[in-house]
Amino acid sequence: MSLLITNGRIITATDDYVADIYCDQGEVVAIGRNLPSHRFQADRTLDASGQYVLPGGIDVHTHLDMPFGGTTSTDDFETGTIAAAFGGTTCLVDFAIQYRGQTMRHALDEWMKKAAGKAVTDYSFHMIVTELPDAGLGDMDTMVRDEGVTSFKLFMAYPGVFMVDDATIFRALRRTGENGGIVCMHAENGGVIDLLVQEALRKGHKAPKYHALTRPPRAEGEATGRAIALAEMAGVPIYIVHLSSADALQKVREARDMGLPAYAETCPQYLFLSYDNYEEAGFEGAKYVMSPPLRAKETQDQLWRGLAFNDLQAISTDHCPFCMKEQKTLGKDDFSKIPNGAPGIETRMSLVYDGGVRAGRISLNRFVELTSTSPAKIFGLFPRKGTIAPGSDADIVIFDPEKRMTLGVKTLHMNVDYNPYEGREVTGVTDTVISRGQVVIDAGRFTGRAGAGSFLRRSTR
Ligand code: URP
Ligand code: ZN
Ligand code: ZN
């Protein structure tokens with residue numbers, strides 16, 4: 001199917017201009033004013049007058065259908081990619097988990113099965129590494145070379161579940177120096193946190209807010225600094241995931257000022273929510289139990305500055321939804337048993353546009369760079385994804401900058417029974433979404449197909 005998008009204001013990470021876009025066979029073919037109709041005859045024309053035309057959002061941190069905390073995240077690859085598309089995200093990088101005693105091949109096969117026939121838009125996987133014997137090093141090479149799985153998440157937290165020691169981290173980092181992959185780090189000091197959690201429970205502190213109080217910002221700052229130091233010793237880049245605190249930001253900033261290839265993402269929850277949410281009445285604070293936890297409100301301004309000045313390079317969601325009813329309640333009498341994670345795959349673009357661009361904190365180009373272009377570049381998807389240019393995939397969002405929406409369970413499509421932003425009004429809403437040339441959201445109505453999304457092999461640095 002061919003598609004012509006006319007009169008839209010095309011915004012990329014670097015450009016801002018009005019033109020028409022002709023797409024065919026899933027790709028952008030031509031961009032220009034008054035494209036000759038005899039050459040660019042389209043099956044369908046979409047008039048984007050008065051709207052922004054953006055490269056599809058790329059969310060490089062999601063957890064769909066993920067077993068975690070004694071339960072499983074509630075969005076699968078169908079509901080999750082549909083919700084993502086409604087929110088203007090056309091490409092996800094989720095996580096396959098290599099459990100102890102299992103190979104990365106097995107993990108990738110399992111997660112491929114979860115996504116096959118379900119994903120509406122394109123997706124890829126990072127590999128979560130929970131142990132790294134010698135054979136695992138070869139597995140890493142195979143993933144990078146043969147499967148296009150070019151990134152590996154390691155954890156400095158969650159002892160007994162995902163946490164690995166510094167030697168394992170160092171081995172993985174060094175291997176990426178040989179195979180061209182990159183390590184993504186969950187940077188929190190798991191040993192210190194575990195001790196604080198046990199102490200809190202002994203004192204009878206069971207409420208959700210103790211999740212945050214036992215995961216201090218210094219525990220994130222220390223681990224971030226250590227992770228960067230290990231990467232420096234290995235002579236390789238590192239990417240810090242879901243950065244939430246000023247302490248961690250300072251470590252990344254210092255490293256970047258020294259010229260080290262340290263990269264980091266933050267997430268909307270750390271820009272728009274705060275520790276105060278844990279003080280909500282009753283068990284409501286469980287809605288925000290995630291790791292790292294929400295921080296003091298003052299941190300939000302520092303993170304926005306980090307985004308504006310390129311100390312932080314990406315905004316992802318860490319979408320990991322669990323229902324309040326029956327899932328978060330696993331921790332009703334013990335905050336440490338509340339499954340960690342919150343929904344966000346659908347709200348990222350509107351929140352960041354409204355609270356970032358409209359509030360004057362970041363430019364329109366920077367908005368596109370943080371939510372699409374820069375993650376595409378860091379994770380080997382650019383220029384196929386992350387921009388609008390001849391030859392790139394026709395993953396395009398027509399975004400109405402003036403439309404208002406009230407965020408909430410009733411207006412959103414994620415498969416979860418609460419929303420952390422319930423009742424919040426935003427200006428700037430995704431109207432129409434194109435995934436590899438197919439209209440999947442048509443003026444706010446879903447028109448895609450489960451299984452239409454493809455697995456993306458990514459390239460190395
Ligand atoms: O609380 C979170 N972030 N849940 C998802 C797993 C992770 O650490 O990213
Ligand atoms: Zn994590
Ligand atoms: Zn995560």
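To be clear, the structure that these remarks concern was listed above.
Here the structure is a predicted model, which means the values were calculated and not measured.

Let's shift gears to the pairing of strand β10 (residues 122–129). Of all the eight residues making up β10, eight are buried; the element is thus mostly covered by neighbouring parts of the structure. Side-chain alternation along β10 places Asp122, Ser124, His126 and Ile128 on one buried face and Tyr123, Phe125, Met127 and Val129 on a second face that is also buried. Two elements, strand β9 (residues 89–98) and β10, share eight bridges in a ladder whose sense is parallel. Counterpart to valine 93 in the pairing with β10 is serine 124. In this region the chain leaves β9, passes through helix α2 (residues 104–115) and returns to the parallel neighbour β10; the handedness of that crossover is right-handed. Of the strand pairs in this sheet, β10 and strand β11 (residues 151–155) are connected by two bridges, and their pairing is parallel. In the sheet register, isoleucine 128 faces β11, and the bridge partner there is lysine 153. As a crossover connection, the stretch from β10 through helix α3 (residues 134–147) into β11 is right-handed.

Quick look at the site of ligand 1 now. Close to ligand 1 lie 14 residues; Lys153, Tyr158, His186, Ser291 and Asp318 are nearest. A distance of 2.8 Å is found between an oxygen atom of ligand 1 and a backbone nitrogen or oxygen belonging to serine 291. Within the side chain of aspartate 318, an N or O atom sits 2.6 Å from a nitrogen atom of ligand 1. Surface burial for ligand 1 is 100%, taken as the share of its 260 Å² of free accessible area covered by protein chains. More than half of the atoms of ligand 1 fall within 2 Å of the grid points belonging to the largest cavity.

Coordination sphere of the zinc ion (ligand 2), protein contribution only: Lys153 (NZ), His186 (ND1) and His242 (NE2), at 2.1 to 2.2 Å. In this structure, the zinc ion (ligand 2) lies 3.8 Å from the zinc ion (ligand 3). One end of the pair, histidine 186, is in strand β12 (residues 182–186); the other, histidine 242, is in the loop between β13 (238–240) and α8 (246–257), with 56 residues separating them in the sequence. For the pair formed by histidine 186 and histidine 242, the shared burial category is buried.

Look at any regular strand and the pattern is simple: side chains alternate between the two faces of the sheet. Two elements, strand β1 (residues 3–11) and strand β5 (residues 52–55), share two bridges in a ladder whose sense is parallel. Bridging across to β5, isoleucine 10 finds its partner in valine 53. The pairing of β5 with strand β16 (residues 396–406) spans four bridges and is antiparallel. The partner of leucine 54 across the bridge, within β16, is valine 397.

Tallied over the full model, the rule gives three cavities of 30 Å³ or more. There is about 130 Å³ of room inside the largest cavity. Along the wall of the largest cavity there are 16 residues; nearest its centre are His63, Phe68, Tyr158, Ser291 and Asp318. Approximately 40 Å³ is the volume attributed to the second largest cavity. Surrounding the second largest cavity, Gly408, Val409, Leu412, Met414, Val416, Tyr418 and Asn419 form its lining. Of the residues in the lining of the second largest cavity, the class split is five nonpolar, two polar and no charged.

Definitions and limits used
- Residues numbered from 1 in each chain as written.
- Chains lettered and ligands numbered in written order.
- Predicted model: local features only at pLDDT ≥ 70, side-chain atom pairs only at ≥ 80, totals over all residues.
- Heavy atoms only, no water.
- Buried < 20%, exposed > 50% of the residue type's maximum accessible area, 1.4 Å probe, protein only.
- Helix = DSSP H or I, 4+ residues; strand = E, 2+ residues; numbered from the N terminus.
- Pairing = 2+ DSSP bridges.
- Right-handed = clockwise from strand over helix to strand, strands pointing away.
- Near = heavy atom within 4 Å.
- Polar contact = N/O pair within 3.5 Å; in protein donor to acceptor, adjacent residues only side chain to side chain.
- Areas by Shrake-Rupley, 256 points an atom, 1.4 Å probe, with all protein chains shown as cover.
- 1 Å grid on protein atoms, 1.4 Å probe; cavity = no way out; pocket = protein on both sides within 12 Å on 5 of 7 lines; lining within 4 Å.
- Sits in = over half its atoms within 2 Å of the grid points.
- Donors = N, O, S within 2.8 Å, 3.2 Å for Na, K, Ca; no water.
- Points joined across faces, edges and corners; volume = space filled by probe spheres on them.
- Nonpolar A, V, L, I, M, F, W, Y, C, P; charged D, E, K, R; others polar.

Treat this as a map of the structure, not an account of what it does.
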